[in-house]
Amino acid sequence: MAGLLIVNPSSGSDSPSTDELVDEAGSRGIDVHVFSPDEDLDAIAHAADADALGMAGGDGSLAAVAAVAIERDLPFVCVPFGTRNHFARDLGLDRDDPIAALDAFGGTERRIDAGRVNGQVFLNNVSLGMYAQLVHEREEHRRRRELLARARAVVIALRDFSTRDVTVDAESMRVRVLLVSNNDYTLELLSIGERERLDEGLLHLYAGTGILRASWTERSGERFTVDARAGALRAAIDGEPARLETPLEFEIAPLALRVLVPPA
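Residues numbered from 1 in each chain as written. Predicted model: local features only at pLDDT ≥ 70, side-chain atom pairs only at ≥ 80, totals over all residues. Heavy atoms only, no water.

### Details of the pairing of strand 15 (residues 223–227)
Turning to step 1, where the next piece is worked out: Residue alternation in strand 15 divides its side chains into a buried set, Phe224 and Val226, and an unburied set, Arg223, Thr225 and Asp227.
Turning to step 2, where the next piece is worked out: Taken together, the two bridges between strand 8 (residues 164–168) and strand 15 define a ladder with antiparallel strand orientation. Its bridge partner lying in strand 15, Thr167 is registered against Asp227.
Turning to step 3, where the next piece is worked out: Where strand 15 lies against strand 18 (residues 248–261), four bridges are found, and the strand directions are antiparallel. Directly across from Val226, in strand 18, lies its bridge partner Leu248. (Buried < 20%, exposed > 50% of the residue type's maximum accessible area, 1.4 Å probe, protein only. Helix = DSSP H or I, 4+ residues; strand = E, 2+ residues; numbered from the N terminus. Pairing = 2+ DSSP bridges.)

### Quick notes on the pattern of salt bridges
Turning to step 1, where the next piece is worked out: Within the structure shown, the criterion is met by eleven salt bridges.
Turning to step 2, where the next piece is worked out: Asp165 is the partner of Arg174 in a salt bridge, and the nearest nitrogen-oxygen pair spans 2.8 Å. (Salt bridge = Lys/Arg side-chain N within 4 Å of Asp/Glu carboxyl O.)

### A word on the sheet that holds strand 16 (residues 232–237)
Turning to step 1, where the next piece is worked out: Spatial ordering of the open sheet is given by 14-13-10-7-16-17, a layout of six strands whose pairing is antiparallel. The outermost strands of the open sheet, each flanked by one partner alone, are strand 14 (216–221) and strand 17 (240–245). Strand-to-strand twist across the sheet, computed as the mean angle between neighbouring axes with direction ignored, equals 25°.
Turning to step 2, where the next piece is worked out: Here six bridges tie strand 13 (residues 203–208) to strand 14, and the two strands are oriented antiparallel to one another. Within the sheet, the bridge partner assigned to His204 lies in strand 14 and is Ser220. (Axes fitted to C-alpha atoms, helices over the stretch in contact; angles between N-to-C directions.)

### Brief notes about the environment of Ala170
Turning to step 1, where the next piece is worked out: If you trace the backbone, Ala170 turns up in the loop between strand 8 and strand 9 (171–175).
Turning to step 2, where the next piece is worked out: For the pair Ala170 and Val226, spaced 56 residues apart in sequence, the C-alpha separation works out to 7.9 Å.

### Overview of the nonpolar core
Turning to step 1, where the next piece is worked out: Formed by 47 residues in total, the largest nonpolar core has its most connected members in Leu5, Ile6, Phe76, Phe87, Leu91 and Leu257.
Turning to step 2, where the next piece is worked out: For this core, the element with the highest residue contribution is helix 3 (residues 59–72), accounting for seven residues.
Turning to step 3, where the next piece is worked out: In contact with Phe87, other than residues within four places in its own chain, are Asp59, Leu62, Phe76, Cys78, Ile112, Leu123, Asn124, Arg195 and Leu198. (Core = buried A, V, L, I, M, F, W, Y, C linked by side-chain atoms within 4.5 Å. Contact = heavy atoms within 4.5 Å.)

### Some thoughts on the environment of Ala67
Turning to step 1, where the next piece is worked out: You can see Ala67 is positioned in helix 3.
Turning to step 2, where the next piece is worked out: The spatial distance from the C-alpha of Ala67 to the C-alpha of Val121 is 5.8 Å, given a sequence separation of 54 residues.

### Regarding the pairing of strand 7 (residues 125–129)
Turning to step 1, where the next piece is worked out: Within strand 7, five of the five residues are buried, which leaves the element mostly enclosed by the surrounding structure.
Turning to step 2, where the next piece is worked out: As judged from the five bridges shared by strand 7 and strand 10 (residues 177–182), these two strands associate in the antiparallel manner. Residue Gly129 lies in a different strand from strand 10, and its bridge partner there is Val177.
Turning to step 3, where the next piece is worked out: Pairing geometry for strand 7 and strand 16, over three bridges, is antiparallel. Each bridged residue has a counterpart across the sheet, and for Val126 the counterpart in strand 16 is Ile237.

### Concerning the confidence of the model for the chain
The predicted coordinates ought not to be read in detail in places where the model reports low pLDDT.
Turning to step 1, where the next piece is worked out: Residues with a pLDDT of 70 or more make up 81% of the chain, whose mean pLDDT is 86.
Turning to step 2, where the next piece is worked out: Between residues 135–139, whose pLDDT stays under 50, and residues either more than four places distant or in other chains, the model counts 16 contacts. (pLDDT = per-residue confidence, 0-100.)

### Comments concerning helix 3
Turning to step 1, where the next piece is worked out: For helix 3, which comprises 14 residues, the first-to-last C-alpha distance of 20 Å matches the rise-based estimate of 20 Å (1.5 Å per residue) to within 8%.
Turning to step 2, where the next piece is worked out: Of all 14 residues that make up helix 3, ten are buried, and the element is covered over most of its length.
Turning to step 3, where the next piece is worked out: Along helix 3, the residues classified as buried are Asp59, Gly60, Ser61, Leu62, Ala63, Val65, Ala66, Val68, Ala69 and Ile70. (Expected span 1.5 Å × (residues − 1).)

### Here we look at helix 1 (residues 18–27)
Turning to step 1, where the next piece is worked out: Taken residue by residue, helix 1 has Thr18, Leu21 and Ala25 as its buried positions. Looking down the long axis of helix 1, one finds its buried residues gathered within 70° of arc, a one-sided arrangement. Opposite its buried face, helix 1 presents the exposed residues Asp19, Asp23 and Ser27, each directed more than 90 degrees away.
Turning to step 2, where the next piece is worked out: Buried residues along helix 1 sit against strand 1 (3–7), strand 2 (31–34), strand 3 (52–57), strand 4 (76–80) and helix 5 (98–101).
Turning to step 3, where the next piece is worked out: Just beyond helix 1, the residue with positive phi is Gly29, at close to 80°. (Arc of directions from axis to C-beta.)

This is the structure we're talking about:
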């Protein structure tokens, strides 16, 4: 299979190095493109002359290339090369072994769901409220190269974020946390757990006024509309900061993504 692997060297992985991953992919006959910040990731994936599209990066860059794979009806290869690698974990890959994930080129194909918010693909989840605030604060601190950016972000998010009035499918809610996920998560304090499956065909919405799971309400469905008086909301899409125009239209795309996984 003629595959292209796009590598994001700034995603956060330290081991293996970018050079080691590129050399290993090349030795397997996989074409490699090392992505730079001044390039358009979407354009690279669209222009690729390949039978499969692979992305080595964090969850945010994975979603961008997966969206093109869906549009072009091409198989997608996930190579965990970021900091958290939640999608790789839930796909059943060893998220600490990017080299082993290269076996997926020519591996076994699965079909899994993808989520969309206002047309944009997400593989994991979209968070609003406190979790989104945390991601935005962490990103701002990271850009200023401050130490302990994540800890600072948690403190600021807990201190500064109050409850917000939103509507979910026209039902009024007052929330501090709102998260919409592609399939069902086990949720934990200030983090998300694992998903048992990626082909349920449902979105799951979690909303609450506190940070403890016990204070949250949950619902599932194929579509959700989230609205607020503000014309836009801060969000985190697969862990990447974003600003979304309201209303937010969420929908599930059942079995839309063709994913290749290692034969084992």
